[in-house]
Amino acid sequence: MDFQQASKEVLSIAKKIGLKNVDALVERTEELEVQIRDGKVEKVEQSTSLGLGVRVLNEGRSGFASTEKLDQQTIERALLKARSNSDFQDPVEIFMPEAESVQVDERKLELYHEDLNQLNVEDLSRMGLETEAAARETDPRLTAIPYLGVSKNISERMLVSTHGVEHSERSNQIGAYCGTLLEEGERRKSGFEFWSQRKWDPEAGRRLGIRAVEKASELLRATSIESRKMPVVLDEYCSPRLLSMYFRGFYGEAAQKGTSRLKGRLNEEIAVTGLTLLDDPHLPGGGASRTLDDEGIPTKPIKLIDSGIFSHFLYHVESGAKEGLSSSGHASRNYDSGISTTTHNLVIETGEHSLEGLCSIPEECLLVTQLDGAAGCNPISGDISIGVQGFLYKNGQRVQPVDSVTIAGNFFDLLLNIRGFGDRYQPNLSSRFIPALLVEGFSISG
Amino acid sequence: MIEQETLSKILEHGITKGADFAEVFVEDSLTSSFNLIDQKIDQIQSSNSFGIGIRLLYGDEAYYGYSSDPDEANLIKLTGNLSESGHAGSSESLRPLQQQPIEDIHHVAVNPESVSGRERVDLLRKFDENTRSQSEAIQQVNANMHEKQRKVLIANSEGLLVEDSRDYARMRLSAIAEKGDGPQSAAESPGVLGGYEFFREIDVEKISREAAESALLMADAGYIEGGTMPVVLGNGFGGVIFHEACGHPLETEAIRKNASPFCGKLGERVAQPVLTAIDDGTLSQRWGSLNIDDEGLPSKRTVLIENGVLKSYLSDRIGAKQVEMERTGSARRESYKFAPVSRMRNTFIDNGKDSFDDMIASVDFGLFAKKMGGGSVNPATGEFNFAVQEGYAIRKGKIAEPVRGATLIGKGFEVLPRISMIGNDLELAAGMCGASSGWVPTTVGQPSLKIDSILVGGR
């Protein structure tokens, strides 16, 4: 049974067994990945995966089940399992959403590019081999390239419901990654770089290989610095990564469950006045652009922080219902998961400073170009404690590469301590449009 | 799960197209998850995962594909697509499939399917009530039961045909305490390779108390002043540091790429003589144990470091060939969607002879990291980072005030020789380990131990 048939079949079986409130998500993904080592293709992976997830709503109680076997009998079993799972959920006053018309032309979101489909193993291998060759030419201290791959995928999703929702979307993308190892005496340093887009760029491999070596080379002689308080500049790659660990504080369900420090703080000043955080689901080419969310609710742009003022929580149907509100169109699910909240594309406007310019503002600062792990970052308390690598700047001059240090602070303090915004976003396909940030008040341990 | 004739045809197709080795991995898994939060049963989810992974090896090149469609023609076509990408090698003859029995060292006493949803819901509520009863400052409790029944079949062109069934049961309890300085969370997550009996025997009171106490202590705690200092690591999940900082770089997946500080160091001293470290997939009912690995080889006990000397890496088929060592039964994968690579199972530092009190008494100022949170490592450089879930300052040889927000960072091969004292209170703890073949259940473990100096991130 294929993708289209499965979505039709699930509604017909639901009707047959008397289930009136059902929605289903069918997902199909095709992937191709090539990995390169020592001038040769080392591994090729190609796959097609298909899965169907159903939600049964039974007098305010939801139950979920999913299957990767798509035949009539298994789909019926999944529906019955979801129905029996719903018996045990505590009820919430919710109803399955009715179909709403989509106001935005999905083609304008630029989620799908036909030319990527033409790329085959040879094309991907060529890009990988060019990446490797470029990396090898860049620095004689390169001793290994343990990670080098090029991949592409197409994803198709279809959401249907017994209440008339019938929505499909299709997206594709291509990406490559390169992880290098440089050695000099006892020193070892790796550099990791990736590239991802929805459009093919035959030159991307060379740039990727060179940059992956440069990143290791720049930090190869890094040393620690003494513990102190110091301003930090997070570059345009690190700022979205660090901030993204804490955005779940903006979820209505997090506040309801006591896992958000923003609970009860709507309309309060939580950030510098220069900061507006916009969730924009309609950005052309955005990594998380959507016309409908995963419950079939039309999406719309929403400001979470408006000139420093906390202005909106994000909701799906159930979390909204708990506060007597409508969904804000932020439901997320995979075929094998329940409903949760998500952000779409998060946007902080760029400022006027180049990265070097930002580093010239304070007398002394640490430019962070690499975050090591996330385990010390607590999305509930907002605490930040994380190993970083980068460069020490004094009077606008780069004076030494730095590793073996941690930075510590709190996300909610960070929002109030931003002193400058960079003038660009990182160039890869992403759902985070957040520039480099100059932030005061971090403790550095070294 | 799939006809033997179909398996044979796939393997034959791969070999006749020039592959040196062909393998089929079939998986049919049932997963169920019951979740309680905010004193309510929140989401209940059941999943059936099914698919077939096909791997062809041409010398050092690997071709992997998978599909959830068991139709024979589809699988033959997939094999053909993989073969066309490969370069013809020196194909060896195909051996007929012969079913091999496995020694089932892990037993399921209570089949999860025989247990009602009501019993699960009642258990979750018991955890919630017990945890909240510890203090009014406990603001939130999240209790989750996760169960998985994983049936796998492995067939390869060397004639191997073997099936295994793996049942997993795991409880995760998270408590959030608030005492006016922001919410602080702590979690306990025990798990076994076994059936529902795990939940019937679980010590609700102890797990609830430990999660609540840890969160309450951290809600009261101040921040530690960062810097390089001696650290005493608590037993059990403290072993996550060895797992990340030394275990991953000892996998042939890192060694074969010359991307580990332990390359070429077999037989050399890498730690003080007090340290012996083991990776053992045969421990009964342990979360990281296996009857057979995901290439069909019986699981083993592998001594990694013995009295400070590096003895072995952990290998899969490709790694063993390239590093020129025996396979250690360590090939693992999250599901049919991943090709197998060498991974850890139950990895631990063995008991030593030092007493915990002597370790604390030997520190003038430092950190006692009683419970660790998660962490990660760059295997190529050995650079690691870890969060401390529950920590205390050590002052003048005594455990002093609780501290929060601490992280430990360093390089594995540099920290290993600085482990100077090892206790005799070995405990193991369940965790999930992520790497190139996905997330697999692993156990970490150690007795209490002292690291003479390590960088502690704080404020």
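Rules behind the numbers
- Residues numbered from 1 in each chain as written.
- Chains lettered and ligands numbered in written order.
- Predicted model: local features only at pLDDT ≥ 70, side-chain atom pairs only at ≥ 80, totals over all residues.
- Helix = DSSP H or I, 4+ residues; strand = E, 2+ residues; numbered from the N terminus.
- Contact = placed C-beta atoms within 7 Å.
- Rg over C-alpha atoms; globule rule 2.2 N^0.38 Å.
- Buried ≥ 20, exposed ≤ 12 C-beta atoms within 10 Å, placed from the backbone.
- Nonpolar A, V, L, I, M, F, W, Y, C, P; charged D, E, K, R; others polar.
- Pairing = 2+ DSSP bridges.
- Domains from an automatic or database assignment.
- Expected span 1.5 Å × (residues − 1).
- Arc of directions from axis to C-beta.
- Axes fitted to C-alpha atoms, helices over the stretch in contact; angles between N-to-C directions.
- Parallel < 35°, antiparallel > 145°, perpendicular 65-115°, else oblique.
- Left-handed = near helix turned anticlockwise from the far one by under 90°.
- pLDDT = per-residue confidence, 0-100.

Novice: Tell me about the overall build of chain B, and please be specific about residues and values.
Specialist: Across its full length, chain B holds 10 helices and 24 strands. By its C-alpha atoms, chain B is 70 × 55 × 35 Å across when sized along the principal axes. For chain B, restricting intrachain contacts to residue pairs at least 6 apart in sequence, the fraction spanning at least 24 positions comes to 75%.

Novice: Outline the overall build of chain A, listing residues and values.
Specialist: For chain A, the helix and strand inventory stands at nine helices and 19 strands. Its C-alpha radius of gyration of 24 Å places chain A within 12% of the 22 Å reference for a compact globule of 446 residues. Based on the C-alpha atoms only, the size of chain A along its principal axes is roughly 70 × 55 × 35 Å. Looking at chain A as a whole, 53% of its 446 residues are labelled buried. Across chain A, the fraction of contacts at a sequence separation of at least 24, relative to all contacts at a separation of at least 6, is 71%.

Novice: Which residues make up the interface of chain A and chain B, and what values go with them?
Specialist: Taken together, the contact pairs 58 residues of chain A with 62 residues of chain B. Secondary-structure elements contributing two or more residues to the side of chain A that touches chain B are β2 (40–58), β3 (61–67), α2 (72–86), β4 (142–161), β6 (187–197), β15 (383–394), β16 (397–410) and β19 (437–445) of chain A. Examining the composition of the side of chain A that touches chain B, we find that 11 residues originate from one element, β2 of chain A, more than from any other. Of the residues that constitute the side of chain A that touches chain B, the class distribution is 14 nonpolar, 27 polar and 17 charged. One ladder, built from four bridges, connects β3 of chain A with strand β2 (residues 40–58) of chain B; its direction is parallel. Of the residues in β2 of chain B, the one forming a bridge with Ala65 of chain A is Ser46 of chain B.

Novice: Describe the domain arrangement of chain B, and please don't skip the residues or the numbers.
Specialist: Residues and elements named next belong to chain B. Domain assignment breaks chain B into domain 1 (4–31 + 45–99) and domain 2 (227–457). Distance between the C-alpha centres of domain 1 and domain 2: 34 Å. Taken together, the 11 residues of domain 1 in the interface contact seven residues of domain 2. Among the elements of the structure, β1 (21–37), β2 and β3 (61–67) are those that each provide at least two residues to the side of domain 1 that touches domain 2.

Novice: Before we move on, could you go through helix α1 (residues 3–16) of chain A and cite the residues and values that matter?
Specialist: All names here are of chain A. With 14 residues, α1 extends 20 Å between its outermost C-alpha atoms, agreeing within 8% with the 20 Å of an ideal straight helix rising 1.5 Å per residue. For α1, every residue scored as buried is listed here: Ala6, Ser7, Val10, Ile13 and Ala14. Considered in projection along α1, the buried side chains sweep an arc of 135° and stay on one side of the axis. The exposed residues of α1 that point more than 90 degrees off its buried face are Gln5, Ser12, Lys15 and Lys16. Packed against the buried residues of α1 are β1 (22–37), β2, α2 and β4. Taken from the residues just after α1, Gly18 is the one with a positive phi, measuring 85°.

Novice: Can you explain the pairing of β3 of chain A? Please cite residues and give values.
Specialist: Residues and elements named next belong to chain A. Counted residue by residue, β3 has six buried out of seven residues, so it is predominantly covered. Inspection of the sheet shows β2 paired to β3 by seven bridges, in the antiparallel sense. Opposite Gly53, over in β3, you have Ser66 as the bridge partner. Hairpin geometry of β2 and β3 is characterised by an intervening segment of two residues between the two adjacent antiparallel strands and by a positive phi of about 50° at Glu59.

Novice: Which residues make up the environment of Glu390 of chain B, and what are the values?
Specialist: Residue and element names in this part refer to chain B. With respect to the helices, strands and loops of the structure, Glu390 is situated in strand β18 (residues 383–395). Distance in space between the C-alpha atoms of Glu390 and Arg404 is 6.8 Å, their sequence separation being 14 residues. Among residues more than four places away in sequence, those in contact with Glu390 are Ala186, Ser214, Leu217, Met218, Lys370 and Lys371.

Novice: Describe the domain arrangement of chain A, naming the residues involved and giving the relevant values.
Specialist: Under the domain assignment used here, chain A contains domain 1 (3–218) and domain 2 (222–243 + 350–445). One C-alpha centre belongs to domain 1 of chain A, the other to domain 2 of chain A; they are set 30 Å apart.

Novice: With reference to specific residues and values, describe the sheet that holds strand β10 (residues 309–310) of chain A.
Specialist: All names here are of chain A. In space, the five strands of this open sheet follow the order β10-β9-β8-β13-β18, with mixed pairing throughout. In the strand order of this sheet, the two ends are held by β10 and β18 (432–433), each with one partner. Across three bridges, strand β8 (residues 277–279) lies against strand β9 (residues 302–306) in antiparallel orientation. The residue bridging Asp279 from the neighbouring strand is Ile302, located in β9.

Novice: With reference to specific residues and values, describe the packing of helix α3 (residues 121–138) of chain A against helix α4 (residues 204–219) of chain A.
Specialist: Residues and elements named next belong to chain A. Closest axis-to-axis distance for the α3/α4 pair is 7 Å, and the angle between their directions is 40°. With respect to each other, α3 and α4 are oriented oblique. Along this stretch, α3 crosses α4, giving a crossing that reads as right-handed. Here α3 contributes Met127, Gly128, Glu130, Thr131, Glu132, Ala134, Ala135 and Thr138 to the contact with α4, which in turn contributes Gly205, Arg206, Leu208, Gly209, Ile210, Ala212, Val213 and Glu214.

Novice: Describe in detail the sheet that holds strand β13 (residues 309–310) of chain B, supporting the description with residues and values.
Specialist: Residues and elements named next belong to chain B. Spatially, six strands are ordered β13-β12-β11-β16-β23-β22 in an open sheet, and the strand pairing comes out mixed. The open sheet has two edge strands, β13 and β22 (427–435), and neither has a second partner. Judged from the nine bridges that link them, β22 and strand β23 (residues 438–446) form a sheet pairing that is antiparallel. Residue Ala430 lies in a different strand from β23, and its bridge partner there is Thr443.

Novice: So what about helix α5 (residues 204–220) of chain B? Which residues, and what values?
Specialist: With 17 residues, α5 of chain B extends 24 Å between its outermost C-alpha atoms, agreeing within 8% with the 24 Å of an ideal straight helix rising 1.5 Å per residue. Residues of α5 of chain B that are buried: Ile207, Ser208, Glu210, Ala211, Ala212, Ser214, Ala215, Leu216, Leu217, Met218 and Ala219 of chain B.

Novice: Could you give an account of the packing of helix α3 (residues 117–132) of chain B against α5 of chain B, naming the residues involved and the relevant values?
Specialist: Residue and element names in this part refer to chain B. One way to put it is that α3 packs onto α5 with a least axis distance of 8 Å and a crossing angle of 50°. Considering the angle they form, α3 stands oblique to α5. Regarding α3 and α5, the two cross each other, and that crossing is right-handed. Contacts between α3 and α5 involve Lys126, Phe127, Asn130 and Thr131 from the former and Val204, Glu205, Ser208, Ala211 and Ala212 from the latter. A per-class count over the contact of α3 with α5 returns four nonpolar, three polar and two charged.

Novice: How would you explain the environment of Glu147 of chain B if you had to name every residue and give the values?
Specialist: Residue and element names in this part refer to chain B. Turning to its location among the elements, Glu147 is positioned in strand β5 (residues 138–156). On the basis of neighbour count, Glu147 is assigned to the buried category, with 22 C-beta atoms found within 10 Å. Each C-alpha atom, one on Glu147 and one on Thr31, is 5.7 Å from the other, the two residues being 116 residues apart in sequence. Beyond its immediate chain neighbours, meaning those up to four positions away, Glu147 contacts Ser32, Pro112, Tyr168 and Ala169.

Novice: Quick one: what's the story with unusual backbone geometry, residue by residue and with numbers?
Specialist: Residue and element names in this part refer to chain A. For Glu110, which is not glycine, the phi torsion reads 55° and is therefore positive. Within the secondary structure, Glu110 sits in the loop between α2 and α3. Residue classification places Glu110 among the partly exposed residues on the basis of 15 C-beta atoms within 10 Å. A positive phi angle is found at Asn267, which is not glycine, with a value near 70°. Note on placement: Asn267 falls in the loop between α6 (252–256) and β8.

Novice: Mind laying out the pairing of strand β11 (residues 277–280) of chain B, listing which residues take part and the relevant values?
Specialist: Residue and element names in this part refer to chain B. Burial along β11 is two-sided: Ala277 and Asp279 and Ile278 and Asp280, pointing in opposite directions, are all buried. Here four bridges tie β11 to strand β12 (residues 301–306), and the two strands are oriented antiparallel to one another. Bridging across to β12, Ala277 finds its partner in Ile305. Pairing geometry for β11 and strand β16 (residues 346–349), over three bridges, is antiparallel. Note that in β16 the partner of Asp279 across the bridge is Thr347.

Novice: Break down the environment of Arg209 of chain B for me, citing the residues and quoting the values.
Specialist: Residues and elements named next belong to chain B. Locating Arg209 in the fold gives a position in helix α5. The exposure class of Arg209 is partly exposed, given the 17 C-beta atoms found within 10 Å. For the pair Arg209 and Ala175, spaced 34 residues apart in sequence, the C-alpha to C-alpha distance is 9.8 Å.

Novice: Give me the confidence of the model for chain B: which residues, what numbers.
Specialist: The predicted model of chain B averages 93 in pLDDT, with 98% of residues at 70 or higher. Our summary of model confidence lists the complex with pTM equal to 0.92 and ipTM equal to 0.89.

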